Amino acid sequence: MNISLSIFLILSALFLIILSIVGIKHKTVSSARAFSLLIIAMAIHSLGYGFELLSTTQNAIYFWTCFEYIGISFYPVLILWFASEYTGAKRFANRFVLLFVFGLNLLTLIFVWTNQLHGLYYSHLSIDS
């Protein structure tokens, strides 16, 4: 089960990378850059989750969890940025709001990466077989 799901996740990550390349080529569209970055974040998450499911040791699982949080933690700001660019409603999601949400997302990533020092994000790590 884990192998088939992992293969599906890794293949979907490759498909998402192809979509992001197509989005990057359409620079004239106002929301293309935001779309491409959102799709890249999704590809990082999908790739990390696929390899996390294939991992057998706790350290490897934690490494891939930290890797996939590179994509996961920035979903909110990228979705907000894409939606504001796509709809043209830049008044609500101005630079201040986007930077504030980006700061919160960056803080989440830092908490996950330094969890072994403080245990604020994951209180206990173990493999449940």
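Calculation rules
- Residues numbered from 1 in each chain as written.
- Predicted model: local features only at pLDDT ≥ 70, side-chain atom pairs only at ≥ 80, totals over all residues.
- Heavy atoms only, no water.
- Helix = DSSP H or I, 4+ residues; strand = E, 2+ residues; numbered from the N terminus.
- Buried < 20%, exposed > 50% of the residue type's maximum accessible area, 1.4 Å probe, protein only.
- Areas by Shrake-Rupley, 256 points an atom, 1.4 Å probe, with all protein chains shown as cover.
- Lys, Arg positive; Asp, Glu negative; His and termini not counted.
- Charge placed at Lys NZ, Arg CZ, Asp CG, Glu CD.
- Phe/Tyr/Trp six-rings, centres within 6.5 Å; stacked < 30°, edge-to-face > 60°.
- Axes fitted to C-alpha atoms, helices over the stretch in contact; angles between N-to-C directions.
- Parallel < 35°, antiparallel > 145°, perpendicular 65-115°, else oblique.
- Left-handed = near helix turned anticlockwise from the far one by under 90°.
- Contact = heavy atoms within 4.5 Å.
- Expected span 1.5 Å × (residues − 1).
- Patch = residues over 30% accessible without salt bridge, like charges linked within 9 Å, V, L, I, M, F, W, Y side chains within 5 Å.
- Salt bridge = Lys/Arg side-chain N within 4 Å of Asp/Glu carboxyl O.

J.: Give a detailed account of the overall build of the protein, specifying residues and quantitative values.
T.: Counting its regular elements, the protein contains six helices and zero strands. With respect to the three principal axes, the spread of C-alpha positions in the protein is 50 × 35 × 15 Å. Here the protein holds 129 residues, and 32% of them are scored as buried. As displayed, the protein offers around 8,600 Å² of accessible surface, 71% of which is attributable to carbon and sulfur atoms. Here the protein holds 6 positive side-chain charges and 4 negative ones, and the gap between their average locations is 27 Å.

J.: Got a sec to walk through the packing of aromatic side chains? Specific residues and values, please.
T.: Within the structure shown, the criterion is met by eight aromatic pairs. Joined through ring pairs, the aromatic side chains of Phe 51, Phe 63, Trp 64 and Phe 67 make up one cluster.

J.: Before we move on, could you go through the packing of helix α2 (residues 32-54) against helix α4 (residues 75-87) and cite the residues and values that matter?
T.: Any two packed helices are characterised by the angle at which their axes cross and by the distance between the axes. The N-to-C vectors of α2 and α4 enclose an angle of 155 degrees; their axes lie 8 Å apart at closest approach. Between α2 and α4, the angle is such that the two are roughly antiparallel. In the crossing of α2 with α4, the sense of the turn from one axis to the other is left-handed. For the pair formed by α2 and α4, the contact residues are Arg 33, Ala 34, Phe 35, Leu 37, Leu 38, Ala 41, Met 42 and His 45 on the first element and Tyr 75, Leu 78, Ile 79, Trp 81, Phe 82 and Glu 85 on the second.

J.: Give me the lowdown on helix α1 (residues 2-25), citing residues and values where you can.
T.: The terminal C-alpha atoms of α1 lie 35 Å apart, and with 24 residues this matches the ideal 34 Å at 1.5 Å per residue to within 8%. When we look at burial in α1, the residues that qualify are Ser 6, Leu 9, Ile 10, Ala 13, Leu 16, Ser 20 and Gly 23. In this structure, the buried side of α1 is in contact with α2.

J.: Let's hear about the side chain of Thr 65: which residues, and what values?
T.: Looking at where Thr 65 falls in the secondary structure, it is placed in helix α3 (residues 58-72). Here Thr 65 falls in the buried class, since its relative accessible area comes to 8%. In this structure, Thr 65 is in contact with Glu 52 and Tyr 122, ignoring residues within four places of it in sequence.

J.: Provide a residue-level description of the side chain of Ser 46, including the pertinent values.
T.: Residue placement: Ser 46 occurs in helix α2. Beyond its immediate sequence surroundings of up to four residues, Ser 46 is in contact with Leu 9, Ser 12 and Ala 13.

J.: Go over a nonpolar patch on the surface, please, and point to the residues and values.
T.: There is a patch of nonpolar side chains on the surface, built from Ile 3, Ile 7, Leu 11, Leu 14, Ile 17, Ile 21, Phe 51 and Leu 54 and spanning about 710 Å² of accessible area. Elements represented by at least two residues in the nonpolar patch include exactly α1 and α2. Top element by residues in the nonpolar patch is α1. It accounts for six residues. Here Ile 21 shows up in helix α1.

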